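Structural characterization, general
Residue-level listing of the chains:
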Amino acid sequence: TSERVFNFSAGPAVLPVSVLEQLRDEMMCYPGAGASIMELSHRGKVFVEIMEQAQSSLRSLLNVPDTHEVLFLQGGSALQFSMIPCNLLRGSNKTAEYLVTGSWGKKAIAEGRKEGDVTATFDGSTTNYDRVPKAGDYQTSSDAAYLYYCSNETIQGVQFQSEPEAPAGVPLICDASSDFLSRPLDISKYGLIYACAQKNAGPAGVTAVIMRKDLIDKGDAGLPGYLNYQNHYEADSMWNTPPTFAIYVLGKITRWLLDDIGGLEAMKALNEEKSSMVYDVIDANPNFYKGHAQVDCRSKMNVTFNLPSDELLSKFIKEAGEHKLASLAGHRSVGGIRASLYNAMPREGAQALAQFMSDFAAKNG
Ligand code: PMP
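Predicted, not measured: the structure shown is a model, and the values here were computed from it. (Residues numbered from 1 in each chain as written. Predicted model: local features only at pLDDT ≥ 70, side-chain atom pairs only at ≥ 80, totals over all residues.)

1. Some points on the overall build of the chain
Summing up its helical and strand segments, the chain has nine helices and 14 strands in all. Its C-alpha atoms give the chain a radius of gyration of 21 Å, within 12% of the compact-globule value 21 Å for 365 residues. With respect to the principal axes defined by its C-alpha atoms, the chain has extents near 65 × 55 × 30 Å. Per-residue burial for the chain yields a buried fraction of 48% across its 365 residues. Look at the contacts in the chain between residues 6 or more apart in sequence, and 69% of them connect residues 24 or more apart. (Helix = DSSP H or I, 4+ residues; strand = E, 2+ residues; numbered from the N terminus. Rg over C-alpha atoms; globule rule 2.2 N^0.38 Å. Buried ≥ 20, exposed ≤ 12 C-beta atoms within 10 Å, placed from the backbone. Contact = placed C-beta atoms within 7 Å.)

This is the structure we're talking about:
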C-alpha cells in the first residue's frame, strides 16, 4: 500500500510531508525551468540560485558568521573522517585529540590514525559508550592539531548537551551528522562542523561542512584534489558536479525550518518535548525498559533502550509494526530498540510510540 507509517529510521530518515509534497509537485517540471531539477545543469541559472538559496538559508538558520564558509560536499560523513585529518593533521607534527563517545567517533579516530598522530583524549568504551565526558574528565593539550568530537552518537544515543571547550588556538571539530539543525549552535566556537544530510537535513548524497575560513587552505598540494577543502571553496562547491537533487531538497528543508517551524529555538523545544514523551515511559517502567544512555547524556534524536528478553524485543518490534511504528530495531552492533526522533518526526509519532510503549509494558511486564 502507499500508506505512510511513523518512520523511526536512524537515516536515511523521515522527511517533512510538506517538503515531500513540494518535491512531488515540482518533479516533472521545476517551475519555469522546463525540466525536472534532476535534468538541469549545475552551472545553469536555476540550479545556481537553488544552491545559493540553500547556502543562505542554512547561514541564517545557524547564524553562521562571516568568518565561516559553507561547503556542500559528497562522500557522506565518512569522507570527512579522512578529509579533516588530511587537511588539518597530515604533515603538521602535531597530535589530533578525539573524544570517543561511540561508534562514529571510533571510526573517525581510526581514519585519523592513517594520516598522523591521534590520541583518544576521552574513551567512553570503558562504560560501553553510555555517556559523554564532563569538562573535568579530560585535558586537551594547547598544542593539539584539533579537538574532535561527535555531538550525537547515533548508534548509542548519547549526546553532548553543550559543546566541549578546546584550548585557545586549538580548532574544535564536530561531527554533527545526527543532530544538525535540531537546536541552535554557536558556530563561532567551531573550527569545522559537518553533517551528512540524511538524518535532519535531506536525502543521502550531500554533506554540509561549515568551516572557519583560515582552515580552508591547510591541505597540501599533494592531496587528491577532491580531498582538499581549498578546491571546493575556490569552486563554490562545484569542483565536480555537486549532488544537485540532494542540495535542492536540503534547501527545502532549511526553508521548512525557517518558515514552518520558526527557527532552531522552536525546533529544539519540539525535539525536547518529543524525546521526553518517550524517556518518560522508560523512566516510569524501570524494571521493564532499560535506557542505554546515562540520564544527563540522553540523546534527543536517538532514544536507545532494551527490553527484559530477546523474545520481548522481537514481540515489541512486531507489534509496533502493526501499530504503524516502523524501523525501531537498534543498530546490529548494540541490539535493543532505537527510536530516532529527528526534526521531521511529528509530535503525533512520538506520542503514538510513547502510548504503545506504555501499553506494551503494562501487558508484558
Ligand atoms: N557520523 C554519524 C554521527 C552518523 O550517524 C553517520 C551515519 N549514520 C556517519 C557519521 C556516517 O555518515 P555517512 O554514511 O553519510 O558517511
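2. Concerning the domain arrangement of the chain
Partitioning the chain into domains gives domain 1 (18-261) and domain 2 (263-364). On a C-alpha basis, the centres of domain 1 and domain 2 stand 27 Å from each other. Contact with domain 1, which involves 23 residues of that partner, is made by 24 residues of domain 2. The set of elements that each furnish at least two residues to the side of domain 1 that touches domain 2 consists of strand S7 (158-159) and helix H6 (244-261). (Domains from an automatic or database assignment.)

3. Considerations on the UniProt feature "binding site: L-glutamate" (unreviewed entry) in the chain
The sites that carry the UniProt feature "binding site: L-glutamate" (unreviewed entry) are, in the present numbering, Arg43. Looking at where Arg43 falls in the secondary structure, it is placed in the loop between helix H1 (17-26) and helix H2 (45-62). According to the C-beta neighbour criterion, Arg43 is exposed, with 9 such atoms within 10 Å. (UniProt positions renumbered as here; feature names shortened; annotations may be inferred.)

4. Let's talk about the environment of Val206
Take Val206: it is sitting in the loop between strand S9 (192-196) and strand S10 (207-212). Looking at Val206, the number of C-beta atoms within 10 Å reads 26, which means it is buried. In the structure, Val206 is positioned 14 residues away from Leu192 in sequence and 16 Å away in space, judged by C-alpha atoms. Ignoring sequence-local partners within four residues, the contact set of Val206 consists of Phe72, Gln74, Ala197, Pro243, Ala246, Ile247 and Leu250.

5. Quick notes on the sheet that holds strand S2 (residues 68-73)
Strand order in this open sheet of seven strands is S2-S10-S9-S8-S5-S3-S4, and the pairing throughout is mixed. One side of each edge strand has no neighbouring strand; the edge strands of this open sheet are S2 and strand S4 (117-123). Adjacent strand axes in the sheet meet at a mean angle of 20° when their direction is disregarded. Pairing analysis gives three bridges linking strand S8 (residues 172-175) to S9, with the strands arranged parallel. Residue pairing for S9: Cys174 is matched across the bridge by Ile193. In the packing of helix H3 (residues 76-88) onto the sheet, the strands contacted are strand S3 (95-100), S8, S9 and S10, and the crossing angle to S9 comes to about 155°. Packing against the sheet, helix H4 (residues 103-113) makes contact with S3, S4, strand S5 (147-150) and S8, and its axis sits at approximately 165° to S3. (Pairing = 2+ DSSP bridges. Axes fitted to C-alpha atoms, helices over the stretch in contact; angles between N-to-C directions.)

6. With respect to the pairing of S3
S3 sits mainly inside the fold: five of its six residues count as buried. When S3 meets S4, the two strands line up parallel, connected through six bridges. Looking across to S4, one finds that Thr95 is bridged to Asp117. As paired strands, S3 and S5 are joined by three bridges and run parallel to one another. Residue Leu99 lies in a different strand from S5, and its bridge partner there is Tyr149.

7. Topic: the site of the ligand
Near the ligand the following residues occur: Gly11, Gly76, Ser77, Ala78, Trp104, Cys150, Thr154, Asp175, Ser177, Ser178 and Cys196. No other element matches H3, which puts three residues into the shell around the ligand. Residue classes in the shell around the ligand are distributed as four nonpolar, six polar and one charged. (Near = placed C-beta within 6 Å. Nonpolar A, V, L, I, M, F, W, Y, C, P; charged D, E, K, R; others polar.)

8. Here's the deal with the sheet that holds strand S11 (residues 290-291)
Spatially, three strands are ordered S11-S12-S14 in an open sheet, and the strand pairing comes out antiparallel. Edge positions in the sheet fall to S11 and strand S14 (337-340), since each of these pairs with one other strand and no more. Taken together, the four bridges between strand S12 (residues 302-306) and S14 define a ladder with antiparallel strand orientation. Within the sheet, the bridge partner assigned to Thr304 lies in S14 and is Arg338. On top of the sheet, helix H7 (residues 264-284) reaches S11, S12 and S14; it is set at about 15° to S12, its chief contact.

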